[in-house]
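Coordinate inspection notes
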Amino acid sequence: MNTHDLVAFVAVVEAGSIVAASARLNLTQPGVTRRIQNLEEMLGAKLLDRLSKPLKPTAAGHEAYEQGRRLLRMLDDLKSGVRGEFRLGLTPFLSEAGLTGPLDAVRAEFPALAVRVVSGWSPNQLERVCRNELDAAAICLPDGAVPPSDLAADDLGAQPVVFVVARDMKIPRIVDLERLSQLSWVINQDGCGFRDSLKRKFDAEHLPFSIAVEALDSELRLSLVSRGLGVGLVTPIALKRSAFRDKLKPVVARDFKPAVRAWIVHRAPAGRLERPIKLFRDGLDRELQAIIGS
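Residues numbered from 1 in each chain as written. Predicted model: local features only at pLDDT ≥ 70, side-chain atom pairs only at ≥ 80, totals over all residues. Heavy atoms only, no water.

Across its full length, the protein chain holds 12 helices and 13 strands. If one aligns the C-alpha atoms of the protein chain with their principal axes, the spans along those axes are about 75 × 40 × 30 Å. Here the protein chain holds 294 residues, and the buried ones make up 46% of them. In the protein chain, of all internal contacts separated by at least 6 residues, the share reaching a separation of at least 24 is 75%. A total of about 14,700 Å² of accessible surface is found on the protein chain, and carbon and sulfur atoms cover 52% of it. (Helix = DSSP H or I, 4+ residues; strand = E, 2+ residues; numbered from the N terminus. Buried < 20%, exposed > 50% of the residue type's maximum accessible area, 1.4 Å probe, protein only. Contact = heavy atoms within 4.5 Å. Areas by Shrake-Rupley, 256 points an atom, 1.4 Å probe, with all protein chains shown as cover.)

As structure tokens, then:
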């Protein structure tokens, strides 16, 4: 088998077109097409559904893609060790823990590996891992939900959050859910696992869920909450590090303790990235456990 033919086929499947694959490989479009035809002739099967847009593999092509990708990763390991690019997705909730010690450990252990971090909500990160646009992702899902079965997934456990209001707000430190429903929320944009869990709980109790401000940045949300705009959700580490912590008051919901589960997901096999993914996963796990225990 000519590995150049296999590289071209994998690039077409991942890019979704001959045009995009040719740009990715710095080849002419006829050159890419010729390599695909060579591979099809050698395997005796049509590998691409040429009527679909974007191009999709046939059943035989899907199998050839999965096995070919494994083979290319093994060859890459033999030739160069842990080099190239590590495309890592991070959900905003895990950024505080993931962008410090765990990422530094990966860079120190694998200096020839270029780490590219992409921030985004968990559903989008999952889709990008499935499409091979990310090598791995640290995500959060509502408790009880699990990643797709065709991905390798490590459960890092339940992650708590804290309800906070302005310190001078006249509200007891222990409240019921109905009292919280009377307040407006300063919260993440739609797509956040905690927001989804919160909304489902309020809907189940037939209670209103009124949003005053949607903001992605945790410190901005805490600033708005400290000024009395509503109640917020914050991670323990973000609250501890916030410049507004002295102006905030944590409150406990008597009948609700929101949590999501953190996961590390990637496609299997991880190939040359197996050790970097494991190192990041173990470091993130330690950071999260320390936060929960503090």
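A separate point is unusual backbone geometry. Following K53, the chain continues into P54 via a peptide bond in cis, with omega recorded as 0°. Inspection of the secondary structure assignment puts P54 in the loop between β1 (48-49) and β2 (56-57). Each neighbour pair has its own omega, and for A268 with P269 the value is 0°, a cis peptide bond. Considering the arrangement of structural elements, one finds P269 in the loop between β13 (259-266) and α12 (274-293). For N132, which is not glycine, the phi torsion reads 65° and is therefore positive. With respect to the helices and strands, the residue N132 is situated in the loop between α7 (122-130) and β5 (136-142). The residue H206 is not glycine, and still its phi comes out positive at about 55°. Looking at the element boundaries, H206 is found in the loop between α9 (193-204) and β10 (210-214). Residue classification places H206 among the exposed residues on the basis of a relative accessible area of 74%.

Now for the environment of V115. Looking at where V115 falls in the secondary structure, it is placed in strand β4 (residues 113-119). The spacing of V115 and E63 is 52 residues in sequence and 29 Å in space, taken between C-alpha atoms. Non-local contacts of V115, meaning those with residues more than four positions away in its chain, are made with F86, L103, V106 and R107.

Nonpolar side chains tend toward joint burial in soluble globular proteins. In terms of nonpolar packing, the biggest core is built from 51 residues, with F163, L180 and W185 touching the most fellow members. In terms of residue count, the dominant contributor to this core is α12 (five residues). Among residues more than four places away in sequence, those in contact with L180 are F163, V175, W185, F202, V231, V251 and A253. Grouped together as the second largest cluster of nonpolar side chains are 18 residues, F9, V32, L39 and L48 included. (Core = buried A, V, L, I, M, F, W, Y, C linked by side-chain atoms within 4.5 Å.)

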